[in-house]
Amino acid sequence: MGVSRATVEKWRYSGKYDVVTDEKGNPSFTVDSIKGFDEIKSMLCSCWEAESVVTPRRDYTSVELFAGAGGLAIGMHKAGFRHVLLNEMDPMACRTLRRNHPEWNVLEGDIHEVDFTPLRGKVDFLSGGFPCQAFSYAGKKGGLNDTRGTLFFELARAVREIQPKVFMGENVKGLMSHDGGRTLEIIRNAIGELGYTLIEPRVMKAIMYKVPQKRERLFLIAVRDDLAGKAEFKWPDPYSRIMTLRDAFFKGDLYPTDVPRSEGQSYPEKKARVMAMVPEGGDWRDLPVEVQKEYMGGSFYLGGGKTGMARRLSMDEPSLTLTCAPAQKQTERCHPTETRPLTVREYARIQTFPDEWVFEGNMSAQYKQIGNAVPVNLAYAIGRSIVRLLNAFDSLSPEESCFDDAERTGRGMVRRMTKEPSLFW
């Protein structure tokens, strides 16, 4: 519903909306009483099933930057894109990509050193979840010059050199409001300088797209100016219900089997005794006061809810946003019914990775790769929307696929050894 739990509780006890109770005594609002909420309305009137059968009119080529362990790449691949190049500098993430898709062209190394000009005019779509670095505000123009020194600048350089029909950037939702909106305005102006029209950015809630996780990410999608206005982009409709950890861990609508066994972190004995006292869905506030003080230390006396501390997840709710490690004290992700952190495979299912997707590296590296990823099902939903847009463009002016030529070009590319981004302009 897009409101806080405290607000829901207030509505529940005030009788503002009709409440029913299931056989276990769990209360919920009736659908009829809350169907006026945009989130609920969109789920009741969703075209998810129709959108799920969208297929590309031809082989649409794509390049992905900052590819990580492949969450975004898998989703786009499922939507029908043919990757001609994936760039990533983390060696373990590159090993993960190559192990699972040996045919993908994975270029390992620093994006600053990559010359993308050989792919100019051969790529339909470019994407990248550029890491959120601090922006410099020394300039006054608020465009490309003000992005210099950030990794968005490298994404922009790749766009200028490749000239894809559509490109997409993905980042934390906080970028929307950072510095009173000025950071986003700088990015918007930079996109305009590139010769692209930015579709109004949107924060996407993963729980609306068949992902059992309360993850929110900002998506920036831009269309090359010569195509802008020739077809309308439509954001994906949500799934018909919210997925929970029960869906993630057990056979059902999300996976055909229970979650496979896998390695996972464990708690030290002292911490395990504390976590054992926390009920399902609870946190540090459910501990005895003396245990709270000992466990929290100085944090006990600070303000704020600190609800990530000593947090045990609930089987019948989506997971909180996953971090790069499941047992960090400030962002605890304890299993709902067992006193242990989530395993690697449980982590992967919450991000909707396929069970057959294998992560390389030690356990910490695997958690990090999964925690940093775009949820696969969210990427898949957005990918279908972009395919639909490209289909519309292609219906106006049909083109033959240039996948084979683009793939050969991509495989022939090497890193260009320079650290000076200004040389590319």
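Note that this is a predicted model, so its numbers are computed, not measured. (Residues numbered from 1 in each chain as written. Predicted model: local features only at pLDDT ≥ 70, side-chain atom pairs only at ≥ 80, totals over all residues. Heavy atoms only, no water.)

A. Local environment of the pattern of salt bridges. Across all of its chains, the model carries 35 salt bridges by this definition. Residues K173 and E216 are paired through a salt bridge, measuring 2.5 Å at the closest nitrogen-oxygen approach. Taken as a pair, K173 in the loop between strand 7 (166-172) and helix 8 (182-194) and E216 in strand 11 (residues 216-224) lie far apart in primary sequence, 43 residues in all. Overall, E216 belongs to the partly exposed group, its relative accessible area being 27%. Of the charged contacts in the structure, one is a salt bridge between E346 and R340, with a shortest N-O distance of 2.9 Å. Considered together, E346 and R340 belong to a single accessibility category, that of buried residues. Here the salt bridges do not stand alone but share partners, grouping R57, R58, D124, K165, D394 and E399 into one network. (Salt bridge = Lys/Arg side-chain N within 4 Å of Asp/Glu carboxyl O. Helix = DSSP H or I, 4+ residues; strand = E, 2+ residues; numbered from the N terminus. Buried < 20%, exposed > 50% of the residue type's maximum accessible area, 1.4 Å probe, protein only.)

B. Representation of the packing of aromatic side chains in the model. Considering all chains together, one arrives at 16 aromatic pairs under this definition. For the ring pair W11 and F37, a centre distance of 5.7 Å and an interplane angle of 50° mean the geometry is tilted. With W11 in helix 1 (residues 5-14) and F37 in the loop between helix 2 (31-34) and helix 3 (38-44), the pair connects residues that are 26 residues apart, well separated along the chain. Ring centres of W48 and Y239 lie 5.3 Å apart, and the angle between their planes is 70°; on these two criteria the pair is classed as edge-to-face. One end of the pair, W48, is in helix 4 (residues 48-51); the other, Y239, is in the loop between strand 11 and helix 9 (245-249), and 191 residues separate them in sequence. By relative accessible area, which is 10% here, Y239 ends up buried. Each residue in the set W11, Y17, F29 and F37 is aromatic and connected to the rest through ring pairs, giving one cluster. (Phe/Tyr/Trp six-rings, centres within 6.5 Å; stacked < 30°, edge-to-face > 60°.)

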